Amino acid sequence: MTIPLEPQARSRRISTAALARVEGEGAMNVRIRGSEVLEVQLRIYEPPRFFEGFLKGRSYTEVPDITARICGICPVAYQTSGSLAIEQACGITVDGPIRELRRLLYCGEWIESHALHLYLLHAPDFLGYESAIHMAADHPALVERGLATRKIGNQLLITLGGRAEHPINPRTGGFYRAPSREELQPLVEPLQRALEDTLDTIALTGTLTMPELERDYEFVALMDDDGRYPIDRGRIISSSGLDIPPEDFEEHFVEEHVAHSNALHSRLRDGGSYMVGPLARYSLAFDTLSPMAQEAAGNAGLGPTCNNPFQSIIVRGVELAYALEEALRLIDAYEQPDPPAIALEPRDGVGSGVSEAPRGILWHQYKIDASGTIRNARIVPPTSQNQRAIEEDLYSFVSEHLDLSDDDLQWQCEQAIRNYDPCISCATHFLKLHVERT
Amino acid sequence: MTEVAVKPKLAVWKFSSCDGCQLSLLSCEDELLDLVGQVEISYFLEASRAEVEGPYDLSLVEGSITTEQDAERIHRVRRVSRRLVTIGACATSGGIQALRNFADVEDFVAAVYPSPEYVSTLEHSTPISAHVPVDFELRGCPVNKYQLLEVVRAALGDRSPPIPASSVCQECKLRGNVCVLVAHGTPCLGPVTHAGCGALCPSFNRGCYGCYGPMESPNARSLSTWLQKVGMDDVDLVRVYRTFNAAAPAFQRESERHDHSA
């Protein structure tokens, strides 16, 4: 026990050794002296897995199967960004019904991932429960709705991808097998039901007490080339007017290695931190949301941009509704692609690909040779891009909430981290909480 | 007479992995709340910030051992677990991380991290069984959630789980699939790969890529001859055996037979 010499110099250390309700292993350290926040660290101790290392010397066709294993929760994002990069290296653009099928598969991943985070990982923070399992005792209908919504996302993944984790059907150039229109029909009714449920949930999230925090973020997201809400590909844009193709990513963004983390931190080459994910997409692409999703957002109290990271639970609900609606639209307009994949011929070259994982943009780049062997691989996942923004959120939040008890501060700091739905497994390819007051 | 029913305690532990296998537990949408009624989920960080002290009746372990700290932590997990079941390829064979076993890990560190001195890692990725006794190993990258539920139920009922150790070929025949290797000349690891997925890949017009690891008594040498007949060379053969179960002994031996790089 330490006895403070004088009240204003009281030191506190708040820490969480192992963050819960995130994917992967991380910790948080916050050190406070009196009313000054000395240090905030999001520590990522998930062991490094060296995917870029393994990919060298492999075949260009192996990218979707190998990179899927970076993450059990967003494998489709890896498969999509990876395939786009390989296709660009081979001089091919996949359009038409194959692209639409990819977007439909990707909607499945958004639905299962957003439903998991909104209902099972994030909602317990707002309602004061340790977990969804504890929450289920008092709010069984809410948890059941979450599970049912996640299930339809998984069914979409199973129908199109073969299974929900590490789908086997996507390949460079398209798919091994395209489903018939008839195979998609059983998905329609559960998607419609999940959409109705989601609209109710968005209204509910609008009534939750939101911790106060407004930050002036530099948002980075994709802009879809067909004017749709960004999901499966696009140009990279930002709130300060950046507008670049995927291949120019490294000219504008850098990754840095810091001692406390096995994930690399990203920043803008001529600036500081930036944010990717639901808030960024929503604020940059609000106009491309469906009228129904826009209206639901408005009814829950959101304007066309959102700068309170805690409101990400509402934004995820809005994106969930959009993904359900978009999946229904894509199924209705579905034409079975024949053949299900475009044949690729390897050639000496470099290709880049980027797509909107549920947590934000995921960028891949490969250099391949004429035999199709990968000579170099670069992967930048969303959570490592968000690491600085998360630490800055914690700094601002702690500075403004020093009156909270250590326990409350710790919980709300954890909640502030969960705002990002961080995926630590991805970022080490990449999290730990520790608040210290001295 | 009244008796307070004490629910068995379930813990879920993560080592080096993608989280996909433990996520399968949360993907049991129709069974999860039932399961919660039968067991006390005592430690499951991905789902809950609450922790109930051990010992635990059943520990599910995901991931492989790749750091000194984890090599010590797995012993602590074993000490507090009455039964320990590994779930998935990482925990059972070292996972895709075991590709480092065939290379110099320093090269991998340097390929990914600009400041390699900040990274601490072991040279090899090893399965849980290389460190502590394991009661059952459930295969798959990822595991099949129905098999996972069976394993949990079996462990709670003190019986062995009904998980066949036969090959993907058998599941293909049961499904009535046309053989992709014989009929289409598509390279397929089905004959040597552990059953459990339900012959998923051949049902989608592609060859099995071995994500469940070797079956009980695989004849990989014979399969390689077949794969050569459909056009694979040694480089291709090394690649097909070196994916998500590269360090499973039967796959490792076969890949080394074709690896002339050393």
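Residues numbered from 1 in each chain as written. Chains lettered and ligands numbered in written order. Predicted model: local features only at pLDDT ≥ 70, side-chain atom pairs only at ≥ 80, totals over all residues.

**Here's the deal with the overall build of chain A**
So, step 1. Each helix and strand in chain A was counted, giving 14 helices and 14 strands.
So, step 2. Taking 22 Å as the expected radius of gyration for a compact globule of 438 residues, we find that chain A reaches 21 Å, a close match to that expectation.
So, step 3. Oriented by its inertia axes, the alpha-carbon framework of chain A measures out at about 75 × 45 × 35 Å.
So, step 4. Per-residue burial for chain A yields a buried fraction of 59% across its 438 residues. (Helix = DSSP H or I, 4+ residues; strand = E, 2+ residues; numbered from the N terminus. Rg over C-alpha atoms; globule rule 2.2 N^0.38 Å. Buried ≥ 20, exposed ≤ 12 C-beta atoms within 10 Å, placed from the backbone.)

**Considerations on the overall build of chain B**
So, step 1. Looking only at helices and strands, one finds 12 helices and five strands in chain B.
So, step 2. Taken over C-alpha atoms, the radius of gyration comes to 20 Å for chain B, in line with the 18 Å a tight globule of 262 residues would show.
So, step 3. Counting only C-alpha atoms, chain B reaches 70 × 55 × 25 Å along its principal axes.
So, step 4. Counting every position in chain B, which comprises 262 residues, the buried fraction comes to 54%.
So, step 5. Within chain B, contacts between residues separated by at least 24 positions form 72% of all contacts whose residues are at least 6 apart in sequence. (Contact = placed C-beta atoms within 7 Å.)

**Quick word on the sheet that holds strand β6 (residues 220–223) of chain A**
Residues and elements named next belong to chain A.
So, step 1. Reading across from one edge, β6-β7-β8 is the order of the three strands in this open sheet, with antiparallel pairing throughout. Both outer strands of the open sheet, β6 and β8 (243–244), are each paired with one neighbouring strand and no more.
So, step 2. Sheet contacts for helix α9 (residues 278–285): β6 and β7 (235–238); angle to β6, the most-contacted strand, approximately 55°. (Pairing = 2+ DSSP bridges. Axes fitted to C-alpha atoms, helices over the stretch in contact; angles between N-to-C directions.)

**Brief notes about the domain arrangement of chain B**
Residues and elements named next belong to chain B.
So, step 1. Here chain B is described as being made up of domain 1 (9–156) and domain 2 (168–258).
So, step 2. If you average the C-alpha positions of domain 1 and of domain 2, the two centres end up 25 Å apart.
So, step 3. In this assembly, 15 residues from domain 1 lie in contact with 13 residues from domain 2.
So, step 4. Counting residues per element, the side of domain 1 that touches domain 2 draws most heavily on helix α4 (residues 89–93), at three residues.
So, step 5. Each residue belonging to the side of domain 1 that touches domain 2 can be placed in one class, and the counts come to six nonpolar, eight polar and one charged. (Domains from an automatic or database assignment. Nonpolar A, V, L, I, M, F, W, Y, C, P; charged D, E, K, R; others polar.)

**Structural notes on the nonpolar core**
So, step 1. Ranked by internal contacts, the top residues of the largest apolar core, which has 195 residues, are A:V318, A:A321 and A:C413.
So, step 2. No other element matches helix α4 (residues 96–127) of chain A, which puts 14 residues into this core.
So, step 3. Two domains each provide a minimum of three residues to this core, namely domain 1 (9–156) and domain 2 (168–258) of chain B. (Core = buried A, V, L, I, M, F, W, Y, C linked by C-beta atoms within 7 Å.)

**As for the sheet that holds strand β5 (residues 136–138) of chain B**
Two modes of strand pairing occur in sheets, parallel and antiparallel, and in both the strands are linked by backbone hydrogen bonds.
Residue and element names in this part refer to chain B.
So, step 1. Taken together, five strands build an open sheet; the order of strands is β2-β1-β3-β4-β5 and the sheet is parallel. Two strands close off the open sheet at either side, each with one partner strand: β2 (40–44) and β5. For this sheet, the mean inter-axis angle between neighbouring strands, taken without regard to orientation, is 25°.
So, step 2. This element, helix α3 (residues 68–79), spans β1 (9–14), β3 (56–62) and β4 (81–87) of the sheet and lies at about 130° to β4.

**Topic: the pairing of strand β13 (residues 374–380) of chain A**
Residue and element names in this part refer to chain A.
So, step 1. Relative to β13, strand β12 (residues 360–368) runs antiparallel, the two sharing six bridges. Each bridged residue has a counterpart across the sheet, and for Q365 the counterpart in β13 is R378.
So, step 2. Here β12 folds back onto β13, and the loop between the two strands holds five residues, one of which, G372, carries a positive phi near 90°.

**Quick look at the interface of chain A and chain B**
The figure often quoted for interface size is the accessible area lost as the parts come together.
So, step 1. Chain A puts 49 residues into the contact, and the matching count from chain B is 49 residues.
So, step 2. Mapped by element, the contributors of at least two residues to the side of chain A that touches chain B are α1 (51–55), α4, α5 (132–138) and α6 (140–161) of chain A.
So, step 3. Here the side of chain A that touches chain B takes five residues from α6(A), the largest share from any one element.

**So, the confidence of the model for chain A**
Residue and element names in this part refer to chain A.
So, step 1. For chain A, the mean per-residue pLDDT works out to 90, and 92% of the residues sit at or above 70.
So, step 2. Of the regions scoring below 50 in pLDDT, residues 1–8 engages in four contacts with residues more than four places distant in sequence or in other chains.
So, step 3. Scored below 50 in pLDDT, residues 429–436 shows 66 contacts in the model against residues more than four places distant or in partner chains. (pLDDT = per-residue confidence, 0-100.)

**Quick word on the packing of helix α7 (residues 181–205) of chain A against helix α11 (residues 312–332) of chain A**
Residues and elements named next belong to chain A.
So, step 1. Close contact between α7 and α11 brings their axes to 9 Å; oriented N to C, the two are set at 160°. Considered as vectors, α7 and α11 are oriented roughly antiparallel to each other. Read as a crossing pair, α7 and α11 show a hand that is left-handed. Here L184, L187, V188, L191, Q192, A194, L195, T198, L199, T201, I202 and T205 of α7 lie close against α11, whose contacting residues are I313, I314, G317, V318, L320, A321, L324, E325, A327, L328 and I331.
So, step 2. Here the contact of α7 with α11 is built from residues that sort into 17 nonpolar, five polar and one charged. (Parallel < 35°, antiparallel > 145°, perpendicular 65-115°, else oblique. Left-handed = near helix turned anticlockwise from the far one by under 90°.)

**Notes on α11(A)**
So, step 1. Between the first and last C-alpha of α11(A) there are 30 Å, a value that for 21 residues agrees with the 30 Å anticipated at 1.5 Å per step.
So, step 2. Counting buried residues in α11(A) gives 16 out of 21 residues, a clear majority hidden from the surface. (Expected span 1.5 Å × (residues − 1).)

**Focus: the environment of A:M210**
All names here are of chain A.
So, step 1. Relative to the helices and strands, M210 is located in the loop between α7 and β6.
So, step 2. Its 15 C-beta neighbours within 10 Å are what place M210 among the partly exposed residues.
So, step 3. Put simply, M210 and F310 are 100 residues apart on the chain and 6.2 Å apart in space, counted from C-alpha to C-alpha.
So, step 4. Residues within four places of M210 in sequence aside, it is in contact with N308, F310 and Q311.

**Points about helix α12 (residues 382–400) of chain A**
So, step 1. Here α12(A) spans 27 Å end to end across 19 residues, near enough to the 27 Å set by a 1.5 Å rise per residue.
So, step 2. Where α12(A) bends most, the angle comes to about 35°, and this point is A:R388. (Bend = angle between axes of the 7 residues up to and from the residue.)

**Some thoughts on unusual backbone geometry**
So, step 1. With an omega of -5°, the peptide bond between A:D338 and A:P339 qualifies as cis.
So, step 2. Locating A:P339 in the fold gives a position in the loop between α11 and β11 (349–357).
So, step 3. Residue B:C141 is joined to B:P142 through a cis peptide bond whose omega torsion reads 10°.
So, step 4. When you line up the elements, B:P142 lands in the loop between β5 and α6 (145–156).
So, step 5. Phi at A:H166 is positive, roughly 50°, even though this residue is not glycine.
So, step 6. With respect to the helices and strands, A:H166 occurs in the loop between α6 and β4 (170–171).
So, step 7. The class of A:H166 is buried, set by 24 C-beta atoms lying within 10 Å.
So, step 8. Positive phi, close to 60°, is recorded for B:D158, a residue that is not glycine.
So, step 9. Positionally, B:D158 belongs in the loop between α6 and α7 (168–175).

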